[in-house]
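# Understanding the architecture of this molecule
If you want the building blocks of each chain, they are given just below.
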Amino acid sequence: MSSKKTGGLAGVVAGESAICTVGQGNGLNYRGYSIEDLAKYATFEEVAFLLQFGELPNKIELQEYKEKLTKARSLPEKLKNILENIPKNAHPMDVMRTGCSALGAIEPEFNFQSEQDRVIIRLLGIFPSILLYWHHFHKDGTKLDTNSDEDTIAGYFLEKLHGKSPSQDVRRCMHVSLILYAEHEFNASTFAARICASTLSDTYSAITTGISVLRGPLHGGANEAAMKLIDSFDGIDEAVKGVYKILEDKKLLMGFGHRVYGEDGDPRSPIIKSWSKKLGGDTDTFKISEAIEKVMKKEKPQLPTNADFFSASAYRFLDIPTDYFTPIFIMSRTTGWAAHIKEQRANNKLIRPSSQYIGVENRNYIKLGDR
Ligand code: SDX
C-alpha cells in the first residue's frame with residue numbers, strides 16, 4: 001500500500017476550532033450536530049444559521065434570516081456592468097471571485113464587529129445572482145430579474161438557472177448537497193481564509209481568498225473534474241479499462257482520496273450517492289460512476305470516494321452545467337468560511353508559521369563585473 005506523501009502539513013494540528021469535527025473517529029459534525037441528521041432533517045438555511053451564529057435557529061430566527069438572505073439577492077448596477085464585461089468564455093469560478101471582490105469595492109466593510117454578519121448574509125444571498133446574471137447575459141442576452149417566490153438559496157438558484165421552479169426532490173437534493181459542502185474544518189480554502197482574517201483583512205478579501213483556493217482541482221474543482229472523467233467513458237466496460245489505465249499511469253482519479261479520511265471513507269459520500277441514485281440510478285452516468293467506484297474499492301481501498309465523486313452525477317441529474325459545480329461549492333462553503341473568519345477574529349493571533357531552511361549556506365557578495 002502506498003504511503004501518504006509527507007509535506008502539505010499532513011497530520012499537523014494547526015490550531016483550535018469549535019466549529020466542526022472531521023475524521024476524529026466520531027464522524028463529521030457541525031457544532032455537535034451530525035451530518036447525517038442535518039442532511040436528513042435540516043434545510044440549508046438552518047445549517048447556514050448554525051454555522052454563522054453557533055446555534056440552530058428557532059422558527060422566528062429562521063424566518064428573519066431567510067428574509068435577509070432574500071433581500072441580499074439584489075445586484076448593484078455597478079456590479080451588473082462588471083459582470084457584463086467578464087468574457088463569455090471566462091471560467092465561472094473567475095466570475096464568482098471577481099464578483100465577490102468587486103462587491104467589496106462597491107459595498108465596503110469598515111467595521112468587522114458591526115458589519116461582518118451583514119456582509120456574510122449579503123454574499124450568501126448574492127452569489128447565485130452573480131453567477132446567473134453573467135450566465136443569462138452571455139448565454140441568452142437577458143438580464144436576470146432577482147425577484148422570486150423561491151424562499152431558499154437552493155430553490156432560487158435552480159429556478160433562475162432553469163427558468164422554472166424545481167420539483168420537490170430536485171430542490172431537496174440541492175439542499176442536501178449545500179449542507180454536505182458547507183463546512184469541513186481546516187481544509188485548504190478555509191485555512192487560507194483564516195490566514196487572511198488573521199491579518200485583520202476584511203471579510204470580502206477572506207472569502208475571495210477561499211474562492212481562489214477552492215478553484216484548484218485537488219480541492220473544490222474535483223467535482224467538475226470527476227464529471228469530465230465519468231463523461232469520458234461510453235460504457236461500463238470502457239470505464240473499467242480506463243480506470244485501470246489511469247492507475248497504471250499513476251495518474252489521479254478525481255473524486256477519490258482525501259487528506260483526512262482513509263479506508264473508512266468520507267461520510268458525505270454515501271449521502272450524496274443515495275441522492276444521485278434516487279434521481280438517476282437507472283442512467284449510464286450513474287452506472288459508470290458505480291463501476292469506477294467498484295474498481296477503486298478493489299484496487300485502492302485506501303482511496304474512497306470523497307464528497308465530490310457522486311456530487312458530480314447528482315448535479316448532472318439536477319441539470320447543472322459541469323463548470324457550475326464548483327461555484328455551487330462556493331455558495332455552500334461561504335457558510336463554513338464565515339464561521340472560521342468570525343472564530344479567528346474572536347481570538348485573533350496572526351497566523352505565521354516558520355519554514356525549515358534547506359537552501360545554500362551564507363556566502364559573500366560577488367560584484368556584477370566579477371560574475
Ligand atoms: C476536497 O481537505 C478537505 O476537507 C477537502 C474537502 C472539503 O470538504 O473541503 O473534503 C474537499 O477537496 C476533497 C478532495 C477533492 N480532490 C480530489 O478528489 C482530487 C483527487 N484526490 C487527490 O488529489 C488526493 O487524494 C488528495 C489531494 C485529495 C489528498 O491527497 P494527499 O493527502 O496529499 O495524499 P497524496 O497525494 O500524498 O497521495 C498518497 C498516495 C499517492 O501515491 P504514492 O505517490 O504514495 O504512490 O495516494 C495516491 C497518490 O498518488 N493518490 C491517488 C489519489 N489520491 C491519492 N491516486 C489516484 N487517484 C487519487 N485520487
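Before any of the text, the structure's been laid out above.
Residues numbered from 1 in each chain as written. Predicted model: local features only at pLDDT ≥ 70, side-chain atom pairs only at ≥ 80, totals over all residues. Heavy atoms only, no water.

## A word on helix 14 (residues 284–299)
In plain terms, the rule: Strands here mean DSSP runs of E at least two residues long; helices mean DSSP runs of H or I at least four residues long; both are numbered from the N terminus. Each residue after the first adds 1.5 Å to the expected span of a helix. Pairs of residues are marked as contacts when any of their non-hydrogen atoms sit within 4.5 Å.
Taking 1.5 Å per residue, 16 residues should reach 22 Å; helix 14 reaches 22 Å between its end C-alpha atoms and fits that length. Turning to helix 14, the residues buried within the fold contact helix 11 (222–231), helix 12 (236–248), helix 13 (268–280) and helix 15 (307–317).

## Remarks on the nonpolar core
Which entries qualify depends on this criterion: What we call a nonpolar core is a set of buried Ala, Val, Leu, Ile, Met, Phe, Trp, Tyr and Cys residues that are connected through their side-chain atoms within 4.5 Å. Only protein chains enter the area calculation, which uses a 1.4 Å probe; residues under 20% of their type maximum are buried, those over 50% are exposed, and those in between are partly exposed.
Counting residues in hydrophobic clusters, the biggest one holds 105 residues, and the most contacted among them are Tyr30, Phe127, Phe157, Ile292 and Ile320. When residues of this core are assigned to their parent elements, the largest contribution, 12 residues, is made by helix 6 (residues 112–139). With residues near it in sequence (within four places) discarded, Phe127 still touches Met96, Cys100, Ile207, Ile211, Ile330, Met331 and Thr334.

## Observations regarding the pattern of salt bridges
The condition is simple: One side-chain nitrogen of Lys or Arg within 4 Å of one carboxyl oxygen of Asp or Glu is enough to make a salt bridge.
Inspection of every chain in the model, using the stated rule, returns 19 salt bridges. A salt bridge links Glu150 to Arg171; its shortest N-O distance comes to 2.9 Å. Here Glu150, found in the loop between helix 6 and helix 7 (153–162), pairs with Arg171, found in helix 8 (residues 168–181); they are 21 residues apart in sequence, far enough to count as distant. A relative accessible area of 7% places Glu150 in the buried class. Among the ionic contacts, a cluster of salt bridges with common partners joins Lys273, Glu290, Glu293 and Lys297.

## Remarks on the packing of aromatic side chains
Our working definition: Ring pairs shown here join Phe, Tyr and Trp side chains whose ring centres sit within 6.5 Å, with only the six-membered ring taken for Trp; geometry is labelled stacked below 30 degrees between planes, edge-to-face above 60, and tilted in between.
Counted by the stated rule, this structure contains 10 aromatic pairs. With a centroid separation of 6.0 Å and 80° between ring planes, the pair formed by Phe53 and Tyr65 is classed as edge-to-face. Here the residue Phe53 occupies a position in helix 2 (residues 44–53), and Tyr65 occupies one in helix 3 (residues 59–71), the gap between them amounting to 12 residues. For Phe53, a relative accessible area of 36% corresponds to the partly exposed category.

## Considerations on the sheet that holds strand 2 (residues 29–30)
Cut-off, in case you're wondering: Two strands pair if DSSP finds at least two bridges between them.
Spatial strand order, 1-2-3: three strands in an open sheet with antiparallel pairing. With partners counted over all chains shown, the strands left at the sheet margins are strand 1 (20–21) and strand 3 (33–34), one partner each. By the bridge criterion, two bridges tie strand 2 to strand 3 in an arrangement that is antiparallel. Each residue of the ladder has a partner; that of Tyr30, found in strand 3, is Tyr33.

## A word on the environment of Lys251
Within the element layout of this structure, Lys251 appears in the loop between helix 12 and helix 13. Residue class for Lys251 comes out exposed when judged on its relative accessible area of 54%. Between the C-alpha atom of Lys251 and that of Ile120, which follows or precedes it by 131 residues, the distance is 38 Å.

## Digging into the state of the cysteines
Test applied: When two cysteine sulfur atoms are found within 2.5 Å, that pair is recorded as a disulfide.
This structure, assessed with the given rule, holds zero disulfides. There is no disulfide at Cys100, and the cysteine sulfur nearest it, in Cys196, is 10 Å away. Residue classification places Cys100 among the buried residues on the basis of a relative accessible area of 0%.

## Focus: the packing of helix 5 (residues 92–106) against helix 10 (residues 203–214)
Cut-off, in case you're wondering: Angles run from 0 to 180 degrees between N-to-C directions of axes, and those axes are lines fitted to C-alpha atoms, restricted for helices to the stretch in contact. Orientation labels follow simple angle bins: below 35 degrees gives roughly parallel, above 145 gives roughly antiparallel, 65 to 115 gives roughly perpendicular, and whatever is left gives oblique. Residues are sorted three ways: Asp, Glu, Lys and Arg are charged, Ala, Val, Leu, Ile, Met, Phe, Trp, Tyr, Cys and Pro are nonpolar, and all the rest, Gly among them, are polar.
Interhelical geometry of helix 5 versus helix 10 gives an angle of 170° and a closest axis separation of 9 Å. Relative to helix 10, the element helix 5 is oriented roughly antiparallel. Packed against helix 5, whose contacting residues are Met93, Met96, Arg97, Cys100, Ser101, Leu103 and Gly104, the element helix 10 presents Tyr204, Ile207, Thr208, Ile211, Ser212 and Leu214 at the interface. Grouping the constituent residues of the contact of helix 5 with helix 10 by class yields eight nonpolar, four polar and one charged.

## Some thoughts on the packing of helix 3 against helix 6
Selection rule: Handedness of a crossing is defined here by the sense of rotation of the near helix relative to the far one, left-handed for an anticlockwise turn of less than a right angle and right-handed for a clockwise turn.
Interhelical geometry of helix 3 versus helix 6 gives an angle of 65° and a closest axis separation of 7 Å. Like other packed secondary-structure pairs, helix 3 and helix 6 cross with a definite hand, here right-handed. Judged by residue contacts, Tyr65, Lys68 and Leu69 of helix 3 engage Ile121, Leu124 and Gly125 from helix 6. When the residues that make up the contact of helix 3 with helix 6 are grouped by side-chain class, the tally is four nonpolar, one polar and one charged.

Don't take any of this as a statement about function, it's just geometry.
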